[in-house]
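Residues per chain, in single letters:
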Amino acid sequence: MSLPTEQVIRAHSRAAVHPTALGRRPLGAGEACISGGSLGGWQRRNRTATTGHVIEQLGLAGNLDNLRRIADPAGPEAAAPFRGRYPFLDTDVFKTLEGVAYGLAADEEPAARAFYEEAVDLIARAQRADGYLNSHFQAPDIAAEPWSDLAWGHELYNLGHLVQAAVAANRRLGDDRLLRAAVAFADLAVERYGPDGDPQVCGHPEIEMALVELSRETGDDRYLELASLFVDRRGHGTVALRVFPAEYFQDAAPLRELDSVTGHAVRMAYLAAGAADIAHEHGDTDLLVALERLWDDMVATKLYLTGGLGSRHSDEAIGDRFELPSERSYSETCAAIAVMQWAWRMYLADGQPKYLDVFETVLYNAYAVGISDDGTGFFYDNPLQRRPDHQQRSGAETHGEPLRRGWFVCPCCPPNIVRWTAELQDHLAAVCGDELQLAQYATGTIAVDGLVLEVETDYPWDEVVRIRVAEATESAPRLALRVPGWCRGASLTVAGETTDGLEPGWVRVDRPLAAGDEVVLTLPMPVRAHGADPRVDALRASVAIARGPIVYCAEQVDHDVDLDLVVVNPAAVHEASVIVDRLTPNADAATRTIALRARAGGAPDAGLYPELGATAAASDAEAAGAEASDVELRLVPYHLWGNRGADAMRVWLRTA
Ligand code: FUB
Ligand code: ZN
């Protein structure tokens, strides 16, 4: 397939998610650009450190060799066995390609370009004539036949990531080579699993989001309809079960009837994100209502304070309502990305800022913690507490490591970070009718429909977002700004006139803007103390500290006293000091730490399970009371923990 030239060019400015239905249109290339601040630093690190590291690891781990072998069946490596444990290892190449397409659009980097060209060429040559591509099932030493195991084979998941890489390359680089491969494979999927085909679904959702985007990119509705079929077929015992239960695959109940997010966390959130796309494109209000119900329930009962999703290592599952143990928080980095993808699509479909609030929480906490300060180490699972003797160990690893690691046997998270960080600017703003909505704040430029805004801010550390209007035509859109849910008493100054006491939600600049105007949004960021719903057993009598969208933690490396013995009075947060303190070499210079007064007791000695009663100590605090002393806690941004050595860490601190 070849796209007409004008379609390639038009597609060039589209954002990563580009709904064709009426509603919000996210700003894409040339419209939203991040040039500095925190997110700018993340993107620089992504291009200069993470991408190269991931490309190197894809070479070392064999992901590229697997494709080379199929692409070159007469080559010297042809007889070598498939490398790696999983049938989805091509996706790590595809996810990296997606990120590299964004990276190359911003900065022509030779190593990234060489990877891109080689991978695009390998994909074209490895793909079968009928469009099929999966280097695992195509490998001569793998006995299983293609399409023989849709539950675990991940073939449509593979296709999904190929499609997303292809759409990114077409949109950002104007290069449709991957798109041709993706379309050929997608056409095969339509033939096999479309309305007249075998009514199955892939064990791992992801294909839904991808097919919708492919449909948006090519104008071919068959892909949207296949995505829709995949969503509605699920939940009827459709997946041929092996090892994992139906719930793991979101196949125990139809999505529209689910009352709570369930099963494997990444699968669940990818499915919901794809369904939100479908609901939007089809104007399917029932589906959107079902998704909002699931979202609200998740936020109220299953999401960690950091925005992490998934509390069970077993089956990488979400867990029950209120089952949110800190040290066993799974919160896979991919699940953080999936939740943000779901959030963004819900916002695009119905405009509610509550989705953007969670997006922001995940971005600066559950997501940001997944990568090391130098950009080459990764957490797969993201606990909110680390005990001093703990070894980090994701499900597939044979041994633990004290902290982040450079790669994984199941390497889904690092390349996912490469693509997601690269496309953050596509998730900053959207146009809705004659209104421009700023969803997230970052230093950079927003230029759309006759309005050019220069945004300057040290957000998320500083409360001021300064927007200079560089250009504004008469027909330029009006401006709406999001006041985050955590914020009380925001104020907005437009050309010298201030409105105070703004509530969370959208605040609208109620007059047309003119070149030279300055809009200043102030989002007060006092230090906050958070408790937890008493049904979260793991968090009773605990407090967590946050400021703005940033969740804080205490690291043992900063303290002489045992963090497990520190007791915080939540009221003391009002006296906390906020300190500009660049904690790690690559952190934003505006990074803030917090100094907080607390008490530290001695170690209790009444045994693990003291009998309660007249003769037993009533509590640890009482037992330790005589020895308690004042301490000053140094609280650091949770996402930066584990960059200064391996030691204990806690987000939640004792209050008693
Ligand atoms: O199955 C593909 C990916 O591997 C999942 O999304 C991750 O959770 C990991 O299991
Ligand atoms: Zn992952």
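Structure shown above.
Reading guide: rules and limits
Residues numbered from 1 in each chain as written. Chains lettered and ligands numbered in written order. Predicted model: local features only at pLDDT ≥ 70, side-chain atom pairs only at ≥ 80, totals over all residues. Heavy atoms only, no water. Phe/Tyr/Trp six-rings, centres within 6.5 Å; stacked < 30°, edge-to-face > 60°. Helix = DSSP H or I, 4+ residues; strand = E, 2+ residues; numbered from the N terminus. Lys NZ or Arg CZ within 6 Å of the ring centre and 35° of its normal. Donors = N, O, S within 2.8 Å, 3.2 Å for Na, K, Ca; no water. Tetrahedral: all angles 85-135°; square planar, octahedral: opposite > 155°, others 65-115°. Buried < 20%, exposed > 50% of the residue type's maximum accessible area, 1.4 Å probe, protein only. Pairing = 2+ DSSP bridges. Axes fitted to C-alpha atoms, helices over the stretch in contact; angles between N-to-C directions. Contact = heavy atoms within 4.5 Å.

Peer 1: Quick rundown of the packing of aromatic side chains? Include the residues and the values.
Peer 2: Enumeration over the complete set of coordinates arrives at 23 aromatic pairs. Ring centres 5.9 Å apart and planes at 35° place the aromatic pair Trp152 and Phe244 in the tilted group. With a gap of 92 residues between them, Trp152 in the loop between α5 (110-126) and α6 (155-173) and Phe244 in the loop between α9 (221-233) and α10 (265-282) connect regions that are remote in the sequence. Judged by centre distance (6.3 Å) and plane angle (80°), the ring pair of Phe244 and Phe249 falls under edge-to-face. Ring pairs connect the aromatic residues Trp42, Tyr364, Tyr367, Tyr441 and Tyr459, which therefore count as one cluster. Across the ring face of Tyr347, the terminal group of Arg24 is positioned such that the distance to the ring centre comes to 5.8 Å.

Peer 1: Before we move on, can you summarise the coordination of the zinc ion (ligand 2) with the specific residues and values?
Peer 2: Taken together, the protein ligands of the zinc ion (ligand 2) are Glu332 (OE), Cys334 (SG), Cys412 (SG) and Cys413 (SG), with distances of 2.1 to 2.4 Å. Note that the zinc ion (ligand 2) binds four donor atoms; their angles at the metal cover 94 to 118°, and the shape is tetrahedral. Along the chain, the residues donating to the zinc ion (ligand 2) are arranged with the sequence spacing E-x1-C-x77-C-C. One end of the pair, Cys334, is in helix α12 (residues 333-350); the other, Cys413, is in helix α14 (residues 413-422), with 79 residues separating them in the sequence. The class for Cys334 is buried, based on a relative accessible area of 3%. Judged by relative accessible area, which is 0%, Cys413 ranks as buried.

Peer 1: Describe in detail the sheet that holds strand β9 (residues 478-483), supporting the description with residues and values.
Peer 2: Ordered in space as β1-β4-β5-β9-β12, the five strands form an open sheet in which the pairing is mixed. With one partner strand each, in any of the chains shown, β1 (24-26) and β12 (505-508) form the two edges of the open sheet. Adjacent strand axes in the sheet meet at a mean angle of 30° when their direction is disregarded. Bridge count between strand β5 (residues 435-438) and β9: four bridges; the pairing is parallel. Bridging from a neighbouring strand, Gln437 pairs with Ala480 of β9.

Peer 1: Tell me about the environment of Tyr157, residues and numbers included.
Peer 2: Counting through the fold element by element, Tyr157 comes out in helix α6. Sequence separation of Tyr157 and Tyr102 is 55 residues, and the distance between their C-alpha atoms is 21 Å. Here Tyr157 is in contact with Phe88, Thr91, Lys95, Cys202, His204, Pro205, Glu206 and Tyr270, once residues within four sequence places are set aside.

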